[in-house]
Amino acid sequence: MLLYIFYKPLWDRHFTSAVWASCQTAVAKVARSEMSYISAPPLLLLLLLLWIGLAAVFAHYNVVMVIFDDLRPALGAYGDSRARTPHLDEFAQGSSIFMRAYSQQALCAPSRNSLLTGRRPDTLHLYDFYSYWRSFVGNFTTLPQYFKEQGYYTYSCGKVFHPGLSSNNTDDFPLSWSAPTFHPRTEQYMNSPVCPDHSGGVLRKNYLICPVHLQTQPYKTLPDIESVAEALRFLDSRKKNRQPYFLAVGFHKPHINFRFPRQFLDRFPLTHFYNYTADAVKPPGMPDVAWNPYTDVRSRDDFKHRNISFPYGPISGHQAAQIRQAYYASVAYVDDLFGKLMAHLDLERTVVAVLGDHGWSLGEHAEWAKYSNFEVALRVPLIIRSPEFRLEQPRQMHSITELLDVFPTLVDLAHLPPIPTCNRSNSELQQLTCSEGKSLYPQLQGTDLGEEHVALSQYPRPGMLPTKHPNSDKPKLRNIKIMGYSLRTNLYRYTLWVRFHANNFSQDWHNIYGEELYDHRLDSGEEFNLSALPEFNIIRQHLRRQLIEAVG
């Protein structure tokens, strides 16, 4: 009875059939070693056997996290019939697929720092690219840092943290990583003349659509190819090392510009992308403050001379099809590299999480790129595979999840001491090791359906109208005057644009610049803003209260 009381919580949380099988194996090994001469009390002997069984299961779980830049769920595993992603689809066959996972902000640096620290952009005070949380807000523990402190060897290949000031120009080395992070040598040529013009005779440096022949590129390769080669080298180097590792691999694509080996473009006939969406103009009910004028697409040399009117466009049908074709080709390119990475992993000993840092609009609402609070900009793929939960077919998880949840989930899957939830009653800035997300481990166990979960995202604006200066797609902190907070529930998306005071990071909930309400039961594309309709007043007011409470 005493043994049951002691081990019951541990059993409930960690003992799956795989664990029990390993415990049985451990018992058999002990029996074969002829330990009958040991005169230990039966209770102590049983404790020893249980400990051996646990060690056999958990001691060697490595963890690999794969991040794709600007990847929306344009994958076959998510039901996208245009996608050509055989390797990600094959990986998903034995994995849990989170169908409704959301980024905290549709911009690289805020999203990645939020993911890797387990803190929301409002906690990090990062909405642009220009501050490092440890010196600007607090010395918060990161996901790789936590694994490192628990005895893991941690290593980063490619774009994991956003490079630059937001990660201290070091990708947070040495605090997060056991060795200096790897960046491909060809990254330095990302803004160089490497893209063939439409005649094929001259290389240009600022093209949006850039299919290439590798032999024309610096070092005859591309950054993501180099990152995978380094990841494979790292995996080979760890084969005889008993120390578990945490490996993060960050792909640059499908982030613009769309530079990829030309053969991937041939898989996608242009005609398949003309009728992708019926949206040709900005929806009439969309507040102006919600619009992103896709300034980075407009600035590219192969588009800026095409007389796309600012800020609402539209882009021609032919141009739109070309962008979509190139996006899908970029996804197919990194899927191929992902397959090479997975072929070298021992999935029986490795927890793997695959995700995008945020989505990317492909003409929905007549918008392009990210920089918004819409579903297409915030929804990401999140696929998790663990030896502890062996699956013969993909398991779709339909609860609302956030990228904030990845940190505590991977900790629990590795069976490290759990990350505490940040306590709002105390100053979150004084809690250096905690998460504002939730662990998905209970859902993977099947003990929690996550039916009441919501996702909270946000995006800043410098004013009510789209502008070039300051850039309303990517405003710097000093220019932020409005913050759009977006709540995704099981049925609705509710977004409120309010006055934001950048000097003290506070909101004025009474000073409203725009309001949006979309019912996903009837309008999964978020085309019809219901916030002004009297019949939705009760649900709108309820969601507003829920959003304000969630922001805190």
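Below, the structure is looked at part by part. (Residues numbered from 1 in each chain as written. Predicted model: local features only at pLDDT ≥ 70, side-chain atom pairs only at ≥ 80, totals over all residues. Heavy atoms only, no water.)

## Some remarks on the overall build of the protein chain
Phase 1: Helix and strand counts for the protein chain stand at 15 helices and 17 strands.
Phase 2: Looking at the protein chain as shown, the accessible area adds up to about 22,800 Å², and 55% of this sits on carbon and sulfur atoms. (Helix = DSSP H or I, 4+ residues; strand = E, 2+ residues; numbered from the N terminus. Areas by Shrake-Rupley, 256 points an atom, 1.4 Å probe, with all protein chains shown as cover.)

## Structural notes on the sheet that holds strand β7 (residues 245–251)
Either a parallel or an antiparallel arrangement is found when strands of a sheet pair, and the pairing is made through backbone hydrogen bonds.
Phase 1: An order of β3-β7-β1-β9-β12-β2-β13 is seen for the 7 strands of this open sheet, with the pairing classed as mixed. In this open sheet, the two strands that pair with only one neighbour each are β3 (153–158) and β13 (395–402). Strand-to-strand, the axes of this sheet are offset by a mean angle of 15°, without reference to chain direction.
Phase 2: Of the strand pairs in this sheet, strand β2 (residues 96–102) and strand β12 (residues 379–385) are connected by 5 bridges, and their pairing is antiparallel. Paired with A101 across the strands is V380, a residue of β12. (Pairing = 2+ DSSP bridges. Axes fitted to C-alpha atoms, helices over the stretch in contact; angles between N-to-C directions.)

## Examining the packing of aromatic side chains
Phase 1: If you walk through the whole model with that rule in mind, you get 31 aromatic pairs.
Phase 2: On the numbers, 6.1 Å between centres and 25° between planes, the contact of Y153 with F234 is stacked. In this pair, Y153 sits in strand β3 while F234 sits in helix α9 (residues 223–237), placing the two residues 81 residues apart along the sequence.
Phase 3: When its relative accessible area of 23% is taken as the criterion, Y153 is described as partly exposed.
Phase 4: Residue F234 is classed as buried on the basis of its relative accessible area, which comes to 3%.
Phase 5: The cationic tip of R185 hangs over the ring face of Y219; the distance from NZ or CZ to the ring centre is 3.6 Å.
Phase 6: Residue placement shows R306 over the ring face of F303; its charged tip is 4.7 Å from the ring centre. (Phe/Tyr/Trp six-rings, centres within 6.5 Å; stacked < 30°, edge-to-face > 60°. Buried < 20%, exposed > 50% of the residue type's maximum accessible area, 1.4 Å probe, protein only. Lys NZ or Arg CZ within 6 Å of the ring centre and 35° of its normal.)

## Let's talk about the state of the cysteines
Between two cysteines, a covalent bond joining their sulfur atoms is known as a disulfide.
Phase 1: Inspection of every chain in the model, using the stated rule, returns 2 disulfides.
Phase 2: For the protein chain, numbering the cysteines in disulfides from first to last along the sequence yields the connectivity 1-2, 3-4. (Disulfide = S-S within 2.5 Å.)

## Concerning the side chain of E516
Phase 1: Topologically, E516 is positioned in strand β17 (residues 506–519).
Phase 2: Although E516 is buried, it forms no salt bridge, and the closest oppositely charged side chain is R461 at an N-O distance of 8.1 Å.
Phase 3: Polar contacts involving the side chain of E516 include one to the side chain of W497, which spans 2.8 Å.
Phase 4: Of the polar contacts made by the side chain of E516, one reaches the side chain of Y518; its length is 2.7 Å.
Phase 5: Beyond its immediate sequence surroundings of up to four residues, E516 is in contact with P287, A290, F374, R493, Y494, T495, W497, N529 and S531. (Lys, Arg positive; Asp, Glu negative; His and termini not counted. Salt bridge = Lys/Arg side-chain N within 4 Å of Asp/Glu carboxyl O. Polar contact = N/O pair within 3.5 Å; in protein donor to acceptor, adjacent residues only side chain to side chain. Contact = heavy atoms within 4.5 Å.)

## Remarks on unusual backbone geometry
Phase 1: Between F310 and the following residue, P311, the backbone shows a cis peptide bond with an omega angle of 5°.
Phase 2: Mapping P311 onto the fold places it in the loop between α10 (295–298) and α11 (317–342).
Phase 3: Unusually for a residue other than glycine, N307 sits at a positive phi of about 55°.
Phase 4: Along the polypeptide, N307 turns up in the loop between α10 and α11.
Phase 5: Using a relative accessible area of 73% as the deciding quantity, one classes N307 as exposed.
Phase 6: Unlike most non-glycine residues, H365 shows phi in positive territory, near 60°.

## Some details on the side chain of S227
Phase 1: For S227, the position within the fold is in helix α9.
Phase 2: Taking relative accessible area as the criterion, S227 reaches 0% and is therefore assigned buried.

## So, the pattern of salt bridges
Where charged atoms from two side chains of opposite charge approach closely, those side chains can pair.
Phase 1: In total, this model carries 22 salt bridges according to the counting rule given.
Phase 2: A salt bridge links R120 to E402; its shortest N-O distance comes to 3.0 Å. Of this pair, R120 sits in the loop between α5 (108–117) and α6 (121–124) while E402 sits in strand β13, and the two are 282 residues apart along the sequence. As far as the burial class goes, R120 and E402 line up, both buried.
Phase 3: Two residues, D236 and K239, come together in a salt bridge whose shortest N-O distance is 3.2 Å.
Phase 4: Residue D236 is classed as partly exposed on the basis of its relative accessible area, which comes to 41%.
Phase 5: Judged by relative accessible area, K239 falls into the exposed class, the value being 61%.

Any functional reading would require information that these geometric values do not contain.
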